[in-house]
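Structural description and commentary
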Amino acid sequence: EPEVTQTPSHQVTQMGQEVILRCVPISNHLYFYWYRQILGQKVEFLVSFYNNEISEKSEIFDDQFSVERPDGSNFTLKIRSTKLEDSAMYFCASSGDLTGSYEQYFGPGTRLTVT
Amino acid sequence: GDSVTQMEGPVTLSEEAFLTINCTYTATGYPSLFWYVQYPGEGLQLLLKATKADDKGSNKGFEATYRKETTSFHLEKGSVQVSDSAVYFCALLMNTGFQKLVFGTGTRLLVSP
């Protein structure tokens, strides 16, 4: 069964450093998303991406964040200068195959720890 | 804005007990409703969904019915197992389709033998 994959599973970085989180969405999906979950809290939407541009972004997704689909398979989230409060689990999701299904399928997540 | 409210956890049950996790929503239109499950150390898995009023979603013995009149989507299971211990998230998606999921805060379920 197709699945969303994410790398790395755990990333530790120092405050102020740049990180790139990587995702490989399900191959025939057209819509891609990033969500985050601070430990013990709810899952929060960050950004959605379609047709090589951002469709919607939350107020969390400020100028420190960017997303890219550098090739036909990867979808990345970059945090330019990490802050302690960026420590969270980051989930990638994808949806929207040719049948028009809008169910979102999630990857296993990347745990980001900023020290 | 759109929002989802779930009952506080943890919910602690003995094996074979009946489970209900309450979920209510606020939305300006007619959303699709979902339950996701997160097992310890894992990501989010879609458990079940319902796309319109009175639809019942079901999977792995879990059920939830979309109640428009009470804006609710309560999760139920007749007989829980230890392996059901996880965090359960209720979520909505507006029916324009390709938009963000709005999640509740999650409810932790602990099932003891």
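Anyway, here's the lowdown on the structure attached to this text. (Residues numbered from 1 in each chain as written. Chains lettered and ligands numbered in written order. Predicted model: local features only at pLDDT ≥ 70, side-chain atom pairs only at ≥ 80, totals over all residues. Heavy atoms only, no water.)

Comments concerning the state of the cysteines
Summed over all chains, the structure comprises 2 disulfides over all chains. The disulfide partner of Cys 23 of chain A is Cys 92 of chain A, and the gap between their sulfur atoms is 1.9 Å. Across the S-S bond of Cys 23 of chain A and Cys 92 of chain A the torsion is about -65°, and the bridge reads as left-handed. One end of the pair, Cys 23 of chain A, is in strand β3 (residues 19-24); the other, Cys 92 of chain A, is in strand β9 (residues 88-95), with 69 residues separating them in the sequence. Look at Cys 23 of chain A and you get buried, because its relative accessible area is 0%. The disulfide partner of Cys 23 of chain B is Cys 90 of chain B, and the gap between their sulfur atoms is 2.0 Å. Its torsion about the S-S bond being -70°, the disulfide of Cys 23 of chain B and Cys 90 of chain B is classed as left-handed. Highlighted residues: Cys 23 of chain B in strand β4 (residues 23-26) and Cys 90 of chain B in strand β10 (residues 86-93), separated in sequence by 67 residues. Taking the relative accessible area as the measure of exposure, Cys 90 of chain B reaches 0% and is therefore buried. (Disulfide = S-S within 2.5 Å. Helix = DSSP H or I, 4+ residues; strand = E, 2+ residues; numbered from the N terminus. Buried < 20%, exposed > 50% of the residue type's maximum accessible area, 1.4 Å probe, protein only.)

Overview of the environment of Glu 69 of chain B
As for its placement among the helices and strands, Glu 69 of chain B is situated in the loop between β8 (62-65) and β9 (75-77). For the pair Glu 69 of chain B and Gln 81 of chain B, spaced 12 residues apart in sequence, the C-alpha to C-alpha distance is 31 Å.

Points about the packing of aromatic side chains
Residues and elements named next belong to chain A. Applying the stated criterion across every chain, the model contains 17 aromatic pairs over all chains. Between Tyr 31 and Tyr 50 the ring centres are 4.2 Å apart and the planes differ by 5°, which places this aromatic pair in the stacked class. Of this pair, Tyr 31 sits in strand β4 (residues 31-37) while Tyr 50 sits in strand β5 (residues 43-50), placing them 19 residues apart in sequence. The exposure class assigned to Tyr 31 is buried, which follows from its relative accessible area of 14%. Judged by its relative accessible area of 34%, Tyr 50 is partly exposed. (Phe/Tyr/Trp six-rings, centres within 6.5 Å; stacked < 30°, edge-to-face > 60°.)

Re the pattern of salt bridges
Tallying each qualifying case throughout the model produces 6 salt bridges over all chains. With its nearest N and O atoms 2.8 Å apart, the salt bridge here joins Lys 100 of chain B to Glu 56 of chain A. Separated into two different chains, Lys 100 of chain B in the loop between β10 and β11 (102-103) and Glu 56 of chain A in strand β6 (residues 53-57) make up a pair that spans both. The partner of Lys 52 of chain B in a salt bridge is Asp 55 of chain B, and the shortest N-O contact between them spans 3.3 Å. (Salt bridge = Lys/Arg side-chain N within 4 Å of Asp/Glu carboxyl O.)

Remarks on the interface of chain A and chain B
With 19 residues of chain A at the contact, the number on the chain B side is 21 residues. Across the chain A/chain B interface, buried area totals approximately 1,700 Å², and carbon plus sulfur atoms make up 61% of it. Of all residues in chain A, Lys 42, Tyr 102 and Glu 103 of chain A give up the largest surface area on contact with chain B, accounting jointly for 34% of the area buried on that side. One can count 2 salt bridges joining chain A with chain B. For the interface between chain A and chain B, the tally reads 5 residue pairs in polar contact (both at pLDDT 80 or more). Considering each element in turn, the side of chain A that touches chain B owes the most residues, 4 residues, to β4 of chain A. Classifying every residue of the side of chain A that touches chain B gives 9 nonpolar, 7 polar and 3 charged. (Contact = heavy atoms within 4.5 Å. Buried area = accessible area lost by both parts, 1.4 Å probe. Polar contact = N/O pair within 3.5 Å; in protein donor to acceptor, adjacent residues only side chain to side chain. Nonpolar A, V, L, I, M, F, W, Y, C, P; charged D, E, K, R; others polar.)

Here we look at the side chain of Lys 77 of chain B
Structurally, Lys 77 of chain B is set in strand β9. Leaving out residues up to four positions away in the same chain, Lys 77 of chain B has contacts with Ala 17, Phe 18, Leu 19, Lys 60, Gly 61, Phe 62 and Asp 84 of chain B.

Considering the sheet that holds strand β7 (residues 65-68) of chain A
All names here are of chain A. With respect to topology, 4 strands assemble into an open sheet ordered β1-β3-β8-β7, the strand pairing being antiparallel. Because the sheet does not close on itself, it has two edges, and the strands there are β1 (5-7) and β7. Neighbour-to-neighbour, the strand axes of the sheet open up by a mean angle of 20°, direction not taken into account. Examined bridge by bridge, β1 and β3 share 3 bridges and lie antiparallel to one another. Pairing of Gln 6 across the sheet is with Cys 23, part of β3. (Pairing = 2+ DSSP bridges. Axes fitted to C-alpha atoms, helices over the stretch in contact; angles between N-to-C directions.)

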